[in-house]
Each structure stands twice: as C-alpha cells, then as structure tokens.
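Next come the chains, spelled out residue by residue.
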Amino acid sequence: MKIGNIVVGQSGGPTSAINASLAGVFQAAKDLGAEKIYGMRHGIEGILKEEFINLSQTLGSDSKVQLLKITPSSALGSCRYKLPKVEKDEQTYQKIFDILKKYDISHFFYIGGNDSMDTIQKLSSYGARIGSNITFIGIPKTIDNDLPLTDHTPGYGSAAKYIAAATKEVIYDASVYPFPAVTIMEIMGRDAGWLTAASSLSRGEDCDGPDLIYLPERPFDVEQFVDNVKEKMSQKYAVVIAVSEGLRDATGTYICDSLASKKVDAFGHRQLECTGKALTNMLEVLHCKTRAIELNTLQRCAAHILSKTDIDESFQSGYEGVLAASKGETGKMVTFHRISNTPYQLEYRLSDINLIANQQRSVPGKYITKGGTDVSDSIREYIEPLIQGEYTPQYKNGVPSYFRF
C-alpha cells in the first residue's frame, strides 16, 4: 500500500517522547512508500510560513531515526498557536489548504496534547466542509496524561519515571539532618494530578515516599494543610511533600496566585509556578526550615532516564497514525487501550477528535485517599507498567549526544 506526500508537526510543550512519535510517523510513511515526507517548523505556524524540512533527506538512515527516537524535546520546534474559528477568519484556513495543495500533501499529522487536538479538529472539519481529500490525524503527546478516551499518553511514562526517581533522591537528601525541616516538591500537570501521583512510586523497601501528596482534583484547605504538616512533624524530623502546580482552594483560586504571573497563552492557559514557594510561606508559623523544589521543565525532557515502554509506545502511536491515514481515516486521534496489567498489554485504536479536543481527563476519585492527602496503593498498578525498561543515551565526551536538524 503506497501513500501520498505527508506533513507532520509538533506542538505544545516538549517531552522526552515526542520525537519517538515523529520517528514513528516517518518510519511508517517511508515503509508505505511516501514520496515526500515533510516536517513543519514550529507546528502550524510552519505551514503558514511555508517553513518545511524534507525529512526524507535529513532522516535518510536507520541510525538517525533511532537517535531521533531517544532525543528529548521537539526536534521540529513547537508553537502555542491557536487557529481562529473559521467563521471569524476563513482566509487562514484557505491559506493553509492552498499551501497543502501546493506541496501535494495527502496526509497531515499533528503530535501534541489538548490544544493540538483542537487544531486537528478544526482542520479536519474545514476539510470535510470543502470536500478535501486530505486526512488529518492527531498523535497524542502530553506529560500531563490528561487527554480523554486514552488509557495514558506518550511522554507521561518517562516523566513519571523521572519524578519517582527524583522524589526518592530528594527524600534521601532531606533525611540526613536531625532537626525539623519541610521540603515541598512542586510537580507539573496543570489541573490534573497524574504526574504528582507518580511521586508515590518512590515508595518501597528502601524509601517511605512522600509524607503528604496533594492533587488538584481536591480543593486545597490551607489551615488543614498546616495541621497535616504539624502532625507529620510530630512523628519525624524531615517531612517531604509532593504537590501539584495547579492546586486551588475551594473558591477555585490557584494557590500560586499570590506569587505567580497571571499571563495566559493563546489558549488561555496560565503559567503555573511558585505553588511550592507559596506553601512554604504558609508554613512560616511552624518556625522550621522549609524549602520549595520546583522541578519545572526538568521533568519534561529528562532523556537520561527514559521509560523504554513509553518510547516504544510513542513510536508505535506515530506508526499507527500513518497506517490509519493510509486507510482513509481522518478527524481521529490514536488512542491507547489497556488489555491487562499482568502481563501488561496494550491495543491501539482511533477515537473521534471531537470527543477529545479541549477536554480534560482528571485523576479518578478511586485513586485519591479520603482526606485528600495521599493517593491509594492501587494507582501503582496503573502507573508502574508505564515506567518499565530503559534506553541508554548515546554518549560523547561523557555527556549524552542527541539528534538535531
């Protein structure tokens, strides 16, 4: 089965696995005999500016594809560009489709999260409206793990693996001094607590794990928080707490509002930061040493501690997307469906983009303890299969070496 020319782009925040999906798209297109395989620079903005990379030339060897697969961040570049509603600006859509026609594009692939799926939804809808034969397929990507209709998302497993390891290291570091101290780890995830929940995987025979875990799925009570910390400090010297960056109080106000910037991106998303620092300020009444650790972007692209399961699934999701497009599927996103935990088995399917774009999947209540200060043991069964295995980076002069266009 041979397919026509394709174009692929990456959008939103970078991850350790987004290039594995790009490698999967490229490999499938190559295997199916695509004549031209284009990469768009900086997402949809690259289409509008006609900034393309001929991937057929730059990824000409298997060794380059394999190196790309384990390279962190978005090799093609990214963007936070929100397509306008077609009713307000049809010219933008006409321009995009004119450019796609100019390059004889048959299949369009976009690797990204919630906002990227908004782009796929709008383009596939407009394509159907004008009778275009171009297919539009979304390839999932987000460390936040908050896309609906899929068991999990590419990028989450590697980020969760990093967080579990970093949490254990922080706990070991915090435990050496015999005086009261509180360490708060601020973890990404926006309004979903999947990443913060992964801190619980640090628990084992060699580590007790975080003393408290707070997810944004539960309203945050400041007074109760201080009381909870007091109780923990009565039991031990070093208290370590994992918190989601998107914690809000009962009124819906972000805990970080007192310190963070309130600027928003094109999709209306706040840059959430300083939640950990805000919480340490609240603990001044305890008169003890406090420290806020903001993992920030470190957790997104930690390619030195990749999950092999995550990278392999990310690659396959890109491959499956091309196979689907070659059969005429459009307006869909590749989704993961877990068959079993032991042994861990996965099935790739397609889901309607209209049911995914601009939607969010939160951590179910069954995974959060009654008091909202921890996660249940059962969440380990969900996360643990996703962090299995490792890929060792290619080293040069003692540091990892990666692919770059």
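The rules behind each value
- Residues numbered from 1 in each chain as written.
- Predicted model: local features only at pLDDT ≥ 70, side-chain atom pairs only at ≥ 80, totals over all residues.
- Heavy atoms only, no water.
- Core = buried A, V, L, I, M, F, W, Y, C linked by side-chain atoms within 4.5 Å.
- Buried < 20%, exposed > 50% of the residue type's maximum accessible area, 1.4 Å probe, protein only.
- Helix = DSSP H or I, 4+ residues; strand = E, 2+ residues; numbered from the N terminus.
- Contact = heavy atoms within 4.5 Å.
- Axes fitted to C-alpha atoms, helices over the stretch in contact; angles between N-to-C directions.
- Parallel < 35°, antiparallel > 145°, perpendicular 65-115°, else oblique.
- Nonpolar A, V, L, I, M, F, W, Y, C, P; charged D, E, K, R; others polar.
- Pairing = 2+ DSSP bridges.
- Salt bridge = Lys/Arg side-chain N within 4 Å of Asp/Glu carboxyl O.
- Patch = residues over 30% accessible without salt bridge, like charges linked within 9 Å, V, L, I, M, F, W, Y side chains within 5 Å.
- Areas by Shrake-Rupley, 256 points an atom, 1.4 Å probe, with all protein chains shown as cover.
- Lys, Arg positive; Asp, Glu negative; His and termini not counted.
- Charge placed at Lys NZ, Arg CZ, Asp CG, Glu CD.
- 1 Å grid on protein atoms, 1.4 Å probe; cavity = no way out; pocket = protein on both sides within 12 Å on 5 of 7 lines; lining within 4 Å.
- Points joined across faces, edges and corners; volume = space filled by probe spheres on them.
- Phe/Tyr/Trp six-rings, centres within 6.5 Å; stacked < 30°, edge-to-face > 60°.
- Lys NZ or Arg CZ within 6 Å of the ring centre and 35° of its normal.
- Left-handed = near helix turned anticlockwise from the far one by under 90°.

**What to know about the nonpolar core**
Soluble globular proteins: nonpolar side chains tend toward being buried together.
Here comes step 1: Core analysis: the biggest nonpolar cluster contains 37 residues, and Tyr 156, Ile 163, Trp 194, Leu 195 and Ile 383 have the highest contact counts within it.
Here comes step 2: Per element, the largest residue contribution to this core is 10 residues, and it comes from helix H7 (residues 156-174).
Here comes step 3: Beyond its immediate stretch of four places on either side in the chain, Trp 194 contacts Asp 144, Asn 145, Tyr 156, Arg 361, Ser 362, Val 363, Pro 364, Tyr 367, Tyr 382 and Ile 383.
Here comes step 4: In terms of nonpolar packing, the next biggest core, distinct from the first, is built from 32 residues, Ala 23, Ala 75, Ala 325 and Phe 336 among them.

**Focus on the packing of helix H5 (residues 90-102) against helix H6 (residues 114-130)**
Here comes step 1: One can describe the packing of H5 onto H6 by two numbers: an axis separation of 11 Å at closest approach and a directional angle of 80°. As judged from the angle between their axes, H5 and H6 are roughly perpendicular. Residues Glu 90, Tyr 93, Gln 94, Ile 96 and Phe 97 of H5 touch H6, and the partners they reach there are Lys 122, Leu 123, Tyr 126, Gly 127, Arg 129 and Ile 130.
Here comes step 2: Tallied by class, residues from the contact of H5 with H6 come to 6 nonpolar, 2 polar and 3 charged.

**Observations concerning the sheet that holds strand E10 (residues 332-341)**
To summarise the sheet geometry, strands pair through backbone hydrogen bonds and adopt either a parallel or an antiparallel arrangement.
Here comes step 1: Strand order in this open sheet of 7 strands is E3-E2-E1-E4-E5-E10-E11, and the pairing throughout is mixed. Each end of this open sheet is capped by a strand with a single partner; those strands are strand E3 (52-54) and strand E11 (344-352). Averaged over all pairs of adjacent strands, the angle between strand axes in this sheet comes to 30°, irrespective of strand direction.
Here comes step 2: On the sheet, H6 packs against strand E4 (105-112), strand E5 (135-140) and E10 and is oriented at approximately 155° with respect to E4.

**Here's the deal with the pairing of strand E2 (residues 37-40)**
Here comes step 1: Burial of E2 is two-sided: the residues Ile 37 and Gly 39 facing one way and the residues Tyr 38 and Met 40 facing the other way are all buried.
Here comes step 2: Pairing of E2 with E3 involves 3 bridges; the strand directions are antiparallel. The residue of E3 that forms the bridge with Gly 39 is Ile 53.

**Regarding the pattern of salt bridges**
Here comes step 1: On inspection of all chains with the given rule, the structure shows 16 salt bridges.
Here comes step 2: Of the charged contacts, one joins Arg 129 and Glu 90 as a salt bridge, the two residues approaching to 3.6 Å between their closest N and O atoms. A residue pair is termed long-range when its members are at least 10 positions apart, and Arg 129 in helix H6 and Glu 90 in helix H5 qualify at 39 residues.
Here comes step 3: Among the residues examined, Arg 129 registers a relative accessible area of 53% and is labelled exposed.
Here comes step 4: Since its relative accessible area comes to 28%, Glu 90 is described here as partly exposed.
Here comes step 5: Lys 122 serves as the salt-bridge partner of Asp 118, at 3.2 Å between the closest nitrogen and oxygen. Here the residue Asp 118 and the residue Lys 122 both occupy positions in helix H6, the gap between them amounting to 4 residues, near one helical turn.
Here comes step 6: A network of salt bridges, in which partner residues are shared, links Lys 69, Lys 308 and Asp 312.

**Focus: a negative patch on the surface**
Here comes step 1: There is a patch of like negative charges on the surface, built from Asp 221, Glu 223, Asp 227 and Glu 231.
Here comes step 2: Residue classification places Glu 231 among the partly exposed positions, given a relative accessible area of 48%.

**A closer look at the environment of Leu 59**
Here comes step 1: Note on placement: Leu 59 falls in the loop between helix H3 (55-58) and helix H4 (62-69).
Here comes step 2: Spatially, the C-alpha atoms of Leu 59 and Phe 179 are 55 Å apart, while their sequence positions differ by 120 residues.
Here comes step 3: With sequence-adjacent residues up to four places away left out, Leu 59 is seen in contact with Phe 26, Lys 64, Val 65, Leu 68, Phe 403 and Phe 405.

**Observations concerning empty space enclosed by the protein**
Here comes step 1: Here the structure, examined in full by the defined rule, presents 1 cavity of 30 Å³ or more.
Here comes step 2: The space that makes up the largest cavity amounts to roughly 30 Å³.
Here comes step 3: The set of elements that each furnish at least two residues to the lining of the largest cavity consists of H7 and helix H11 (308-326).
Here comes step 4: Among the elements that take part in the lining of the largest cavity, H11 stands out by supplying 3 residues, more than any other.
Here comes step 5: When the residues that make up the lining of the largest cavity are grouped by side-chain class, the tally is 2 nonpolar, 3 polar and 2 charged.

**Quick look at the packing of aromatic side chains**
Here comes step 1: One pass over the full model with this rule turns up 18 aromatic pairs.
Here comes step 2: Centroid distance Phe 108 to Tyr 110: 5.9 Å. Interplanar angle 50°. Geometry classified as tilted.
Here comes step 3: Through pairs of rings, three or more aromatic residues link up here, namely Tyr 93, Phe 97, Phe 108, Tyr 110, Tyr 126 and Phe 136.
Here comes step 4: Geometry around Phe 315 places Lys 69 over its ring, the cationic atom sitting 4.8 Å from the centre.

**Things to note about the packing of helix H1 (residues 18-31) against H11**
Here comes step 1: At a minimum axis distance of 7 Å, the contact between H1 and H11 shows a crossing angle of 40°. Judged on the interaxial angle alone, H11 and H1 are oblique. For the crossing formed where H1 meets H11, the hand is right-handed. Within the contact between the two elements, H1 uses Ala 20, Ser 21, Ala 23, Gly 24, Val 25, Gln 27, Ala 28, Ala 29 and Asp 31 and H11 uses Ile 311, Ser 314, Phe 315, Ser 317, Gly 318, Tyr 319 and Val 322.
Here comes step 2: When its residues are assigned to classes, the contact of H1 with H11 shows 9 nonpolar, 6 polar and 1 charged.

**Quick word on the sheet that holds strand E8 (residues 238-244)**
Here comes step 1: One open sheet accounts for 4 strands, arranged E7-E8-E6-E9; its pairing is parallel. Of all strands in the sheet, those bounded by a partner on one side alone are strand E7 (212-214) and strand E9 (289-294). Across the sheet, the mean angle from the axis of one strand to that of its neighbour is 15°, orientation sign disregarded.
Here comes step 2: Both strand E6 (residues 181-187) and E8 contribute to a ladder of 7 bridges, which runs parallel. The partner of Ala 181 across the bridge, within E8, is Ala 238.

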